[in-house]
Amino acid sequence: MSSIPSLVPRDRFAALDRCTYLNQASLGLIPVPTIDAMDTFLRETAQFGNLYLSDDQEAAILDSVRSAGAEVLGTSSGAVGVVGGASEGLGQVTSVLDPEHGTIVLVGSDFPSVTYPWLAAAERRGISLRFIDDRADRDLTQDLVEAIDPTTDVVAFSVVQYATGTRVDARRVAERAHEAGARVVVDATQLAGAGVIDTTGWGADALVTSGYKWLSAHGGVALLALAPDLVHRLPCLVGWKGTHHPFVFDPLTLRLADDARRFELSTMSYATSIGLESGSSASTSTRGVWRRTSSIGSPSWDGARSGR
Ligand SMILES: Cc1ncc(COP(=O)(O)O)c(C=O)c1O
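Residues numbered from 1 in each chain as written. Predicted model: local features only at pLDDT ≥ 70, side-chain atom pairs only at ≥ 80, totals over all residues.

**Some words on the overall build of the chain**
In plain terms, the rule: Helix and strand labels come from DSSP, where a helix needs a run of H or I of at least four residues and a strand needs a run of E of at least two; each type is numbered from the N terminus. This radius of gyration counts C-alpha atoms alone. The globule rule is 2.2 Å times how many residues there are, raised to the power 0.38. Around each residue's C-beta, the other C-beta atoms within 10 Å are counted; 20 or more make the residue buried, 12 or fewer make it exposed, and counts in between make it partly exposed. All C-beta atoms are placed from the backbone.
Along the chain, the regular secondary structure elements total 10 helices and 7 strands. For a compact globule of 308 residues, the expected C-alpha radius of gyration is about 19 Å, and the chain comes in at 20 Å, within 12% of that figure. Across its three principal directions, the C-alpha atoms of the chain cover 60 × 60 × 30 Å. Counting over 308 residues, the chain shows a buried share of 41%.

Structure representation (structure tokens):
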């Protein structure tokens, strides 16, 4: 069997000394430059508390993460919030959209964090959920498009399905959804870092990605991108870090940031976020992964389900 040349230098990943790792889509390997970036922050800054980190510097610490994230997600940095996980971002989006009735179109075998917020919303509100099957003999994009009708309020799906690798054409779904007056929520966790994301061009109303898979960051950080008309909405969860001036502590007035920063809550792991920035910058060089694996053909996915 001929070997496939590495897309990235193998010596950046300690685990590749002893194995071929096929689980980046689950718990991704973190490359040495990302470990170094996190380590440098911990050793040279975090270890000294506020000695080397003023309030102003802390307030601005995620600025470059948002910029790098915006590049990966194909949107502007003001549209991007840095959150603690894709699940947190998906929950925030669900409560911001908060439809009172109508139908939510979902994929029946999607990652649970995409469907759970809507299952919970359906317990609170009079919405109904319609689950589309991701079947090997069908075109999931077409089935999502055909499922959208005037009762549809939201279509929420992963652009690459974690269980099968099925790729959804987000732009086509968004076009049809917007015609019908519906919103589109995209989870790009299984694409970010491996393929090109175009939040604005696709017309996604909201898009999230976790950081610890193809973006090769450590767990505990994710990106949330919102369309311009959602960026100013009132989040369901608010915290001190989402305010206009986080260090002007005013418990009597809620003055949120006027961009997607308002969805950021609190003192998150800055080291992990800095790791995501490093992974995001490197991801442009690994985007061929998607092209490479998709050109291998259509395998049978029976029994190929990953742990997550
Ligand atoms: C498509 C998708 N979304 C979300 C997640 C979970 O992300 P997080 O742990 O950041 O909530 C996963 C994890 O496997 C996933 O595959």
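Now that the structure has been shown, the text picks up again.
**As for helix H3 (residues 63–73)**
Regarding H3, the residues found buried are Val65, Arg66, Ala68, Gly69, Ala70, Val72 and Leu73. Positive backbone phi, approximately 70 degrees, marks Gly74, located one or two places after H3.

**As for the site of the ligand**
Defined as follows: Each residue receives a C-beta atom placed from its backbone. It is near a molecule or strand if this atom lies within 6 Å of it. For this classification, the nonpolar set comprises Ala, Val, Leu, Ile, Met, Phe, Trp, Tyr, Cys and Pro, the charged set comprises Asp, Glu, Lys and Arg, and every other residue, Gly included, is treated as polar.
For the ligand, the set of nearby residues contains 13 residues, the closest of which are Gly85, Ala86, Ser87, Tyr162 and Ser210. Its residues assigned to classes, the shell around the ligand comprises 4 nonpolar, 7 polar and 2 charged.

**Examining unusual backbone geometry**
We note that Asp98 has phi near 40 degrees; this positive angle belongs to a residue other than glycine. If you trace the backbone, Asp98 turns up in the loop between helix H4 (86–97) and strand S2 (101–107). A count of 15 C-beta atoms within 10 Å places Asp98 in the partly exposed class. Positive phi outside glycine occurs at Ser216, with the angle close to 60 degrees. Of note, Ser216 is situated in the loop between strand S6 (206–210) and strand S7 (222–226).

**Topic: the packing of helix H6 (residues 140–147) against helix H7 (residues 170–179)**
Selection criterion: Between the N-to-C directions of two axes lies an angle of 0 to 180 degrees, each axis being a line fitted to C-alpha atoms and, for a helix, fitted only over the stretch in contact. We call two directions roughly parallel when the angle between them is under 35 degrees, roughly antiparallel when it is over 145, roughly perpendicular when it lies between 65 and 115, and oblique otherwise. Contact definition: two residues whose C-beta atoms, as placed from backbone geometry, lie within 7 Å.
Viewed as axis vectors pointing N to C, H6 and H7 meet at an angle of 5 degrees, and their least axial separation amounts to 9 Å. The angle between H6 and H7 falls in the class roughly parallel. Contacts from Thr141, Leu144 and Val145 in H6 reach Arg172, Val173 and Arg176 in H7. Looking at the contact of H6 with H7 residue by residue, the class counts come to 3 nonpolar, 1 polar and 2 charged.

**Describing the nonpolar core**
Note the cut-off: Each nonpolar core comprises buried Ala, Val, Leu, Ile, Met, Phe, Trp, Tyr and Cys residues, the members being joined through C-beta atoms within 7 Å.
Counting 67 residues, the largest nonpolar core has Val155, Ala156, Phe157, Val173, Val186, Leu224 and Ala225 as its most contacted members. With residues up to four places along the chain from it excluded, the contact list for Ala225 reads Leu73, Thr75, Ala79, Val80, Thr199, Ala206 and Leu207.

**A short note on the sheet that holds strand S5 (residues 183–187)**
The following threshold applies: Two strands are said to pair when DSSP picks up at least two bridges between them.
Reading across the sheet, the 7 strands line up as S1-S7-S6-S5-S4-S2-S3 and stay open at both edges, with mixed pairing between neighbours. Edge strands, defined here as strands with exactly one partner in the open sheet, are strand S1 (80–83) and strand S3 (126–132). Strand after strand, the sheet turns through a mean of 15 degrees between neighbouring axes, direction not considered. Here 7 bridges tie S2 to S3, and the two strands are oriented parallel to one another. Across the sheet, residue Val107 finds its bridge partner in S3, namely Ile132. Its contacts with the sheet place H3 against S1, S6 and S7, and it is angled at close to 115 degrees to S1. Packed on one face of the sheet, H7 meets strand S4 (152–158) and S5 and runs near 160 degrees to S5.

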